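In case you want the letters, here they are:
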Amino acid sequence: MTGVQTCALPICFPVTIKVAGTLKLDQAQFRELEAFAKFGSDLDAVTLNVIEKGKRNVEILKQGLNDPYTVEDQIAIIYAGSKNLLRNVPVDKVKEFEKDFLEYMNNKNRATLDALKAGKLTDEITDVIEAAAKEISAKYN
């Protein structure tokens, strides 16, 4: 394993709870469906979507040892994953997407990340994250 699957989001930030609120449930559902899928059953589109989203979320939750992301970077990438904005990114390219996305956000949308760090999550902020994820993920289509 090249990374450790952890989520180091501080619970004290209400915005992290808003963004990652369904993540635990989503990942539990993914693990259950992933195990079920190993039996070779035909899966419907909704089930396949949950499994594919879960695979990508597992990748975004991995962080290098002694190389944690800032809180605002974690919130931004977890928001993108939890809203299924990485659906067009191949699983083996998620870490590359994550690097490009966070670099883009830090260079072009620093004010948005600063607002996340300050505990703000507005429609304007989520629109910026969604637009950035859409722009970066387009290169993986």
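Reading the values: rules and limits
- Residues numbered from 1 in each chain as written.
- Predicted model: local features only at pLDDT ≥ 70, side-chain atom pairs only at ≥ 80, totals over all residues.
- Heavy atoms only, no water.
- Core = buried A, V, L, I, M, F, W, Y, C linked by side-chain atoms within 4.5 Å.
- Buried < 20%, exposed > 50% of the residue type's maximum accessible area, 1.4 Å probe, protein only.
- Helix = DSSP H or I, 4+ residues; strand = E, 2+ residues; numbered from the N terminus.
- Axes fitted to C-alpha atoms, helices over the stretch in contact; angles between N-to-C directions.
- Parallel < 35°, antiparallel > 145°, perpendicular 65-115°, else oblique.
- Left-handed = near helix turned anticlockwise from the far one by under 90°.
- Contact = heavy atoms within 4.5 Å.
- Nonpolar A, V, L, I, M, F, W, Y, C, P; charged D, E, K, R; others polar.
- Expected span 1.5 Å × (residues − 1).
- Arc of directions from axis to C-beta.

### Observations concerning the nonpolar core
Here is a general trend for soluble globular proteins: nonpolar side chains tend to be buried in one another's company.
Consideration 1: Grouped together as the largest cluster of nonpolar side chains are 30 residues, with contacts concentrated most on Ile77, Ile78, Leu86, Phe97, Phe101, Leu116 and Ile129.
Consideration 2: Ranked by the residues each element gives to this core, the list is headed by helix α4 (residues 71–82), at seven residues.
Consideration 3: Grouped together as the second largest cluster of nonpolar side chains are five residues, Phe30, Val50, Ile51 and Val58 included.

### Regarding the environment of isoleucine 17
Consideration 1: Assignment of secondary structure puts isoleucine 17 in helix α1 (residues 14–20).
Consideration 2: Overall, the relative accessible area of 49% leaves isoleucine 17 in the partly exposed class.
Consideration 3: On a C-alpha basis, the gap between isoleucine 17 and isoleucine 75 in space is 9.5 Å, while along the polypeptide they are 58 residues apart.

### As for the packing of helix α6 (residues 110–117) against helix α7 (residues 123–137)
To characterise two packed helices, one gives the angle between the axes of the helices and the distance between these axes.
Consideration 1: Relative orientation of the contacting elements α6 and α7 amounts to 130 degrees, with a least axis distance of 10 Å. With respect to their mutual orientation, α6 and α7 come out oblique. For the element pair α6 and α7, the recorded crossing hand is left-handed. On α7, the residues that touch Thr112, Ala115 and Leu116 of α6 are Ile125, Val128 and Ile129.

### What about the packing of helix α5 (residues 94–108) against α6?
Consideration 1: Where α5 meets α6, the closest approach of the two axes is 5 Å, and the angle between their N-to-C directions is 100 degrees. Viewed along their axes, α5 and α6 adopt a mutual orientation that is roughly perpendicular. Only Arg110, Thr112 and Leu113 of α6 make contact with α5, whose side of the interface consists of Met105, Asn106 and Lys108.
Consideration 2: In terms of residue class, the contact of α5 with α6 is made up of two nonpolar, two polar and two charged.

### Some thoughts on helix α2 (residues 23–37)
Consideration 1: Here α2 contains 15 residues, and its C-alpha end-to-end distance of 20 Å stays within 8% of the 21 Å for a straight helix at 1.5 Å per residue.
Consideration 2: Every buried residue belonging to α2 is among Leu23, Asp26, Gln27, Phe30 and Leu33, and all of these are buried. Seen end-on, α2 carries its buried residues on one side only, within an arc spanning 130 degrees. In α2, the exposed positions that point more than 90 degrees away from the buried face belong to Lys24, Leu25 and Glu32.
Consideration 3: Buried residues along α2 sit in contact with α1, α3 (45–61) and α4.

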